[in-house]
Amino acid sequence: QQQVKQSPQSLIVQKGGISIINCAYENTAFDYFPWYQQFPGKGPALLIAIRPDVSEKKEGRFTISFNKSAKQFSLHIMDSQPGDSATYFCAATYQGAQKLVFGQGTRLTINP
Amino acid sequence: IAGITQAPTSQILAAGRRMTLRCTQDMRHNAMYWYRQDLGLGLRLIHYSNTAGTTGKGEVPDGYSVSRANTDDFPLTLASAVPSQTSVYFCASSKEAGALGELFFGEGSRLTVL
């Protein structure tokens, strides 16, 4: 019940296209859903996060869509650029939890 | 530059040897964490510390120990390394305990156990 399932494991998108990464969870207590971005040789860094009181959050080209009833959330990268090539992790947690539960990660490659 | 410093960057270690991964932060964050990253498994929490003097077990604590003698340092020790501990290890911190705050990660320590 603590798992967050992320797909796909890897994704190749052409420059200018839309990248979509999906995550699903079981624990209905989760109420905070961040996404982390990791470049090769670096540690992950917070990209964007959402709480379930909204269905969508947008920051520049990055959008989180949240479907509470389906217990799913996704990251959309519009107008994908080669500089977006990285590994993306979704995560989930709740107030009072000791940890973030991370998804398995998606390696995104944007072809020029 | 403020942040988290991990050492060593990479290490090859014989099975059975003892190894300590060092982690230092200069952001005066209360909480610190150790994660391991393995392909297809994501990031898994090994141990955490909500404040200096306290530690707790994460998802995969077996074979690892930590200490938190002060705010800035959070070393991870492998008492007797085994090949399954081959991984990339990340230290992280957050301003406060609990999981709702932003985590700041170091650049990782790549450990190979032969």
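Above: the structure in question.
Please read all numbers here as calculations on a predicted model, not as lab measurements.

Concerning the overall build of chain A
Part 1: Within chain A, the secondary structure is distributed over zero helices and 11 strands.
Part 2: When the helices and strands of chain A are listed from N to C terminus, the series reads β-β-β-β-β-β-β-β-β-β-β.
Part 3: Oriented by its inertia axes, the alpha-carbon framework of chain A measures out at about 40 × 30 × 20 Å.
Part 4: Looking at chain A as a whole, 46% of its 112 residues qualify as buried.

Quick look at the pattern of salt bridges
All names here are of chain B.
Part 1: Within the structure shown, the criterion is met by seven salt bridges over all chains.
Part 2: Between Arg36 and Asp38 there is a salt bridge whose closest N-O contact spans 2.8 Å. Summarising the burial analysis for this pair, Arg36 and Asp38 share the class buried.
Part 3: The salt bridge involving Asp38 is made with Arg44; its shortest N-O contact spans 3.0 Å.

Quick notes on the layout of surface pockets
Where empty space is left can be seen by rolling a probe of water-molecule size over the atoms.
Part 1: As a volume, the largest pocket reaches approximately 700 Å³.
Part 2: Lining the largest pocket are 31 residues, with Gln38 and Gly41 of chain A together with Gln37, Phe90 and Arg110 of chain B sitting closest to its centre.
Part 3: Counting only elements with at least two residues in the lining of the largest pocket, the list comes to strand 9 (86–92) and strand 11 (106–111) of chain A together with strand 1 (4–7), strand 4 (31–38) and strand 9 (87–94) of chain B.
Part 4: By residue class, the composition of the lining of the largest pocket is nine nonpolar, 17 polar and five charged.
Part 5: Each pocket or cavity is described by its volume, and for the second largest pocket that value is around 200 Å³.

Section: the side chain of Gln25 of chain B
Residues and elements named next belong to chain B.
Part 1: For Gln25, the location among the structural elements is in strand 3 (residues 19–25).
Part 2: Residue Gln25 is classed as buried on the basis of its relative accessible area, which comes to 1%.
Part 3: A polar side-chain atom of Gln25 sits 3.1 Å from the main-chain amide nitrogen of Arg28.
Part 4: In this structure, Gln25 is in contact with Gly3, Ile4, Met32, Arg68, Thr71 and Asp72, ignoring residues within four places of it in sequence.

Focus on a nonpolar patch on the surface
Part 1: There is a patch of nonpolar side chains on the surface, built from Ile18, Ile20 and Met78 of chain A and spanning about 240 Å² of accessible area.
Part 2: Relative to the elements of secondary structure, Ile20 of chain A occurs in strand 3 (residues 19–25).

Let's talk about the nonpolar core
Part 1: One finds Val4, Phe33, Trp35, Phe73, Leu75 and Tyr88 of chain A to be the most contacted residues of the largest nonpolar core, which totals 25 residues.
Part 2: Take this core: its biggest share by element is four residues, from strand 9 of chain A.
Part 3: Apart from residues no more than four positions distant in its own chain, Tyr88 of chain A is found in contact with Gln6, Ile21, Tyr36, Gln37, Leu47, Phe62, Leu75, Ile77, Gly105, Thr106 and Leu108 of chain A.
Part 4: Membership of the second largest hydrophobic core comes to 18 residues, among which are Ile46, Tyr64, Leu76 and Val113 of chain B.

Describing the packing of aromatic side chains
Part 1: Inspection of every chain in the model, using the stated rule, returns 18 aromatic pairs over all chains.
Part 2: Taken together, a centroid distance of 5.8 Å and an interplanar angle of 65° make the contact between Tyr36 of chain A and Phe102 of chain A edge-to-face. A residue pair is termed long-range when its members are at least 10 positions apart, and Tyr36 of chain A in strand 4 (residues 33–38) and Phe102 of chain A in strand 10 (residues 101–102) qualify at 66 residues.
Part 3: Geometrically, the ring pair formed by Tyr35 of chain B and Phe105 of chain B is tilted, given 5.8 Å between the ring centres and 45° between the ring planes. Taken as a pair, Tyr35 of chain B in strand 4 and Phe105 of chain B in strand 10 (residues 104–105) lie far apart in primary sequence, 70 residues in all. Considered together, Tyr35 of chain B and Phe105 of chain B belong to a single accessibility category, that of buried residues.

A look at the state of the cysteines
Part 1: According to the stated counting rule, one finds two disulfides over all chains in the structure shown.
Part 2: At a sulfur-sulfur separation of 1.9 Å, the disulfide partner of Cys23 of chain A is Cys90 of chain A. On the sign convention where negative is left-handed, the bridge of Cys23 of chain A and Cys90 of chain A, at about -100° about the S-S bond, is left-handed. Taken together, the positions of Cys23 of chain A in strand 3 and Cys90 of chain A in strand 9 put the pair 67 residues apart, joining distant regions of the chain. Of the two residues examined, Cys23 of chain A and Cys90 of chain A, each falls in the buried class.
Part 3: For Cys23 of chain B, the disulfide goes to Cys91 of chain B, at an S-S distance of 1.9 Å.

Procedures and definitions
Residues numbered from 1 in each chain as written. Chains lettered and ligands numbered in written order. Predicted model: local features only at pLDDT ≥ 70, side-chain atom pairs only at ≥ 80, totals over all residues. Heavy atoms only, no water. Helix = DSSP H or I, 4+ residues; strand = E, 2+ residues; numbered from the N terminus. Buried < 20%, exposed > 50% of the residue type's maximum accessible area, 1.4 Å probe, protein only. Salt bridge = Lys/Arg side-chain N within 4 Å of Asp/Glu carboxyl O. 1 Å grid on protein atoms, 1.4 Å probe; cavity = no way out; pocket = protein on both sides within 12 Å on 5 of 7 lines; lining within 4 Å. Points joined across faces, edges and corners; volume = space filled by probe spheres on them. Nonpolar A, V, L, I, M, F, W, Y, C, P; charged D, E, K, R; others polar. Polar contact = N/O pair within 3.5 Å; in protein donor to acceptor, adjacent residues only side chain to side chain. Contact = heavy atoms within 4.5 Å. Patch = residues over 30% accessible without salt bridge, like charges linked within 9 Å, V, L, I, M, F, W, Y side chains within 5 Å. Areas by Shrake-Rupley, 256 points an atom, 1.4 Å probe, with all protein chains shown as cover. Core = buried A, V, L, I, M, F, W, Y, C linked by side-chain atoms within 4.5 Å. Phe/Tyr/Trp six-rings, centres within 6.5 Å; stacked < 30°, edge-to-face > 60°. Disulfide = S-S within 2.5 Å.

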